Amino acid sequence: MKALTFHGRETIRYEDIEEPVLESPGDVIVRVEACSICGSDLHPYHEREKGLDHGCAMGHEFTGEVVEKGSKVKSLQVGDHVISPFTVSCGSCFYCRRGLSSRCVHSQLFGWRAQGKGLHGGQATYVRVPMADGTLVKRPDGLRDETAILLGDILATGYFCARQSMIDPEGVQAVVGCGPVGLMAIWAARKMGAQRIFALDSVKHRLEWAERWGAVPINYMEEDPLALIRDATDGRGADQVLEVVGLETAVRSAFELVRPGGTLSAVGVCTGTHLPFSPVEAYDQNLTYRIGRCPARSLQTELLKWAQEDADQLATLFTHHLPLGEGVEAYRMFDQKRDQCMKVLLRP
Ligand SMILES: NC(=O)c1ccc[n+]([C@@H]2O[C@H](COP(=O)([O-])OP(=O)(O)OC[C@H]3O[C@@H](n4cnc5c(N)ncnc54)[C@H](O)[C@@H]3O)[C@@H](O)[C@H]2O)c1
Ligand SMILES: [Zn+2]
Ligand SMILES: [Zn+2]
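Residues numbered from 1 in each chain as written. Chains lettered and ligands numbered in written order. Predicted model: local features only at pLDDT ≥ 70, side-chain atom pairs only at ≥ 80, totals over all residues. Heavy atoms only, no water.

(A) Local environment of the nonpolar core. One finds Leu 155, Ile 186, Trp 213 and Leu 317 to be the most contacted residues of the largest nonpolar core, which totals 48 residues. Mapped onto this core, the elements with two or more residues apiece are helix H4 (145-152), helix H5 (154-165), helix H6 (180-191), strand E13 (196-201), helix H7 (204-212) and helix H11 (296-309). Broken down by element, this core gets its largest block of residues, eight residues, from H6. Here this core spans two domains, and each of domain 1 (2-153 + 295-347) and domain 2 (156-291) adds at least three residues to it. For Trp 213, the contacting residues outside a window of four places in its chain are Leu 183, Met 184, Ile 186, Trp 187, Arg 190, Gln 313, Leu 314, Thr 316 and Leu 317. Of all hydrophobic cores here, the second largest spans 34 residues; its members include Leu 76, Val 127, Phe 334 and Leu 346. (Core = buried A, V, L, I, M, F, W, Y, C linked by side-chain atoms within 4.5 Å. Buried < 20%, exposed > 50% of the residue type's maximum accessible area, 1.4 Å probe, protein only. Helix = DSSP H or I, 4+ residues; strand = E, 2+ residues; numbered from the N terminus. Domains from an automatic or database assignment. Contact = heavy atoms within 4.5 Å.)

See below:
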């Protein structure tokens, strides 16, 4: 079968790899109907995240049809179409029962194999899904591929970021980063009633998206976000700041934008070694800092209604629809934000 595989820094290949087989009775094999590239794929792509095996199929955003199932799988049948979160989870451990499926004791990330262990990803013709009963959700009839993919990761992540920031609809929010996840954070904050959201980026077309989706755009290369946000808050700073980039410079500016007693909610995966603010700086701000991997599986049920309501708007995020065979170029375009690329939908 075909897959987009990792072969070192900025090197993705479209090549043949072995088809997955059932490895345990809780597995299913999914035939991928559509998949996408995430900002998180760019971390191993640039080797900011190290240790990914060469030859590993990339990607953790996909949707498709169950074509084979293990003997112990109860909730799914061959022929079912599924939503898959970006990590697998058992559904019954301490963390799964508490809504933190991203920290399931059996958790694994799709598209992450190190030293021969781990899961191949979904940018492929087929993908093996372990613990299918705990991981997968049957797709409601009529749900678009785009919505299913977004629910598996970035819609849930944007929502998670907004939720853990404890949005105050009367307050002022700042969203640092207007990539796909940043836009989803803006969308979710609006759904939670936020009225005054400032959105930071330096890429013009991404700022235009943020504005269309209801935020006040700030090009941080041309304007001073801190001055603008302080002006809007009697000098205090934002009540909630949502960090959706994953670079130290962005975390630093997010920190500076929060008012004393406010919340900094981070979903950006920052591969640096230190937080760019000190304990005493956090102390002096009475900062609430929340960070982590989104428990996309745990959030599926509560998100489905909102996702369906806005399905047409959300699908516009996929600015490019391409065959999987053009995935190598799609990586370059998404990474370099060329051709106004926001998100790419790939079809095997
Ligand atoms: N926590 C989770 O569970 C989870 C899930 C999905 C994605 N992520 C992470 O979310 C982050 C964003 O993902 P994405 O797909 O939107 O990525 P992306 O790379 O497409 O977007 C990042 C955006 O941030 C902008 N940016 C860069 N530096 C900035 C700065 N200093 N200030 C403001 N904006 C800046 C870029 O121009 C870009 O538009 C990544 O780090 C990704 O790994 C985390
Ligand atoms: Zn992702
Ligand atoms: Zn679990």
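(B) Quick peek at the coordination of the zinc ion (ligand 2). Coordination sphere of the zinc ion (ligand 2), protein contribution only: Cys 38 (SG), His 60 (NE2) and Asp 153 (OD), at 1.8 to 2.3 Å. As a motif over one chain, the donors of the zinc ion (ligand 2) read C-x21-H-x92-D. In this pair, His 60 is assigned in the loop between helix H1 (42-45) and strand E4 (61-69) and Asp 153 in the loop between H4 and H5, connecting sequence segments 93 residues apart. (Donors = N, O, S within 2.8 Å, 3.2 Å for Na, K, Ca; no water.)

(C) Focus on the side chain of Glu 65. Here Glu 65 lies in strand E4. In this structure the side chain of Glu 65 is engaged in a polar contact, spanning 2.6 Å, whose partner is the side chain of Arg 31. Leaving out residues up to four positions away in the same chain, Glu 65 has contacts with Ile 29, Val 30, Arg 31, Glu 33, Gly 79, Asp 80 and His 81. (Polar contact = N/O pair within 3.5 Å; in protein donor to acceptor, adjacent residues only side chain to side chain.)

(D) The arrangement of the packing of H5 against H11 in detail. H11 packs onto H5 with a crossing angle of 95° between their chain directions and a minimal axis gap of 10 Å. Considering their axes alone, H5 and H11 lie roughly perpendicular with respect to each other. Of the residues in H11, those touching H5 at Leu 155, Ala 156, Tyr 159, Phe 160 and Arg 163 are Ala 296, Leu 299, Glu 302, Leu 303, Trp 306 and Ala 307. When its residues are assigned to classes, the contact of H5 with H11 shows nine nonpolar, no polar and two charged. (Axes fitted to C-alpha atoms, helices over the stretch in contact; angles between N-to-C directions. Parallel < 35°, antiparallel > 145°, perpendicular 65-115°, else oblique. Nonpolar A, V, L, I, M, F, W, Y, C, P; charged D, E, K, R; others polar.)

(E) Fine view of the coordination of the zinc ion (ligand 3). Coordination of the zinc ion (ligand 3) by the protein is provided by Cys 90 (SG), Cys 93 (SG), Cys 96 (SG) and Cys 104 (SG), with metal-donor distances spanning 2.3 to 2.4 Å. Note that the zinc ion (ligand 3) binds four donor atoms; their angles at the metal cover 104 to 117°, and the shape is tetrahedral. All donor residues of the zinc ion (ligand 3) come from one chain, and their arrangement in sequence is C-x2-C-x2-C-x7-C. Across the pair, exposure class does not vary: Cys 96 and Cys 104 are buried alike. (Tetrahedral: all angles 85-135°; square planar, octahedral: opposite > 155°, others 65-115°.)

(F) Here's a closer look at the packing of aromatic side chains. One pass over the full model with this rule turns up eight aromatic pairs. Residues Phe 62 and Phe 110 carry aromatic rings whose centres are separated by 5.0 Å and whose planes lie at 85° to one another, so their mutual orientation is edge-to-face. With a gap of 48 residues between them, Phe 62 in strand E4 and Phe 110 in the loop between strand E7 (108-109) and strand E8 (112-114) connect regions that are remote in the sequence. Classification of Phe 62 by relative accessible area gives buried; the value is 0%. Owing to a relative accessible area of 1%, Phe 110 belongs among the buried residues under this scheme. Relative to Phe 277, the ring of Phe 255 has its centre 4.5 Å away and its plane inclined at 10°; by these criteria the two rings are stacked. (Phe/Tyr/Trp six-rings, centres within 6.5 Å; stacked < 30°, edge-to-face > 60°.)

(G) The arrangement of the sheet that holds strand E17 (residues 288-291) in detail. One open sheet accounts for six strands, arranged E14-E13-E12-E15-E16-E17; its pairing is parallel. The sheet terminates laterally at strand E14 (216-219) and E17, the two strands that pair on one side only. Recorded for the sheet is a direction-independent mean angle of 20° between the axes of neighbouring strands. Lying over the sheet, H6 contacts strand E12 (172-176), E13 and strand E15 (238-243), oriented at roughly 180° with respect to E13. Along the sheet, helix H9 (residues 248-257) makes contact with E12, E13, E15 and strand E16 (258-266), crossing E16 at roughly 145°. (Pairing = 2+ DSSP bridges.)

(H) Looking closely at helix H13 (residues 327-336). Judged by how many residues are buried, H13 sits mostly within the fold: seven of ten residues are covered. Of all the positions in H13, only Gly 327, Val 328, Ala 330, Tyr 331, Met 333, Phe 334 and Asp 335 are classed as buried. Looking one or two places after H13, you find Lys 337, whose phi comes out positive at around 55°.

(I) Focus on the site of ligand 1. In the vicinity of ligand 1 lie 31 residues, with Ser 40, His 43, Asp 201, Val 245 and Cys 294 positioned nearest. Contacts to ligand 1 include Gly 39, whose backbone N or O atom sits 3.0 Å from an oxygen atom. Contact with the protein chains hides 93% of the accessible area of ligand 1, taken as 870 Å² for the molecule alone. The set of elements that each furnish at least two residues to the shell around ligand 1 consists of H6, E13 and H9. A per-class count over the shell around ligand 1 returns 16 nonpolar, ten polar and five charged. Looking at which domains feed residues into the shell around ligand 1, each of domain 1 (2-153 + 295-347) and domain 2 (156-291) gives three or more. (Near = heavy atom within 4 Å. Areas by Shrake-Rupley, 256 points an atom, 1.4 Å probe, with all protein chains shown as cover.)

(J) Region of the structure containing unusual backbone geometry. For Glu 10, which is not glycine, the phi dihedral falls at a positive 55°. Turning to its location among the elements, Glu 10 is positioned in the loop between strand E1 (2-6) and strand E2 (12-16). We note that Asp 234 has phi near 50°; this positive angle belongs to a residue other than glycine. Structurally, Asp 234 is set in the loop between helix H8 (225-231) and E15. Owing to a relative accessible area of 72%, Asp 234 belongs among the exposed residues under this scheme.

Function-wise, these values are silent; they only describe arrangement.
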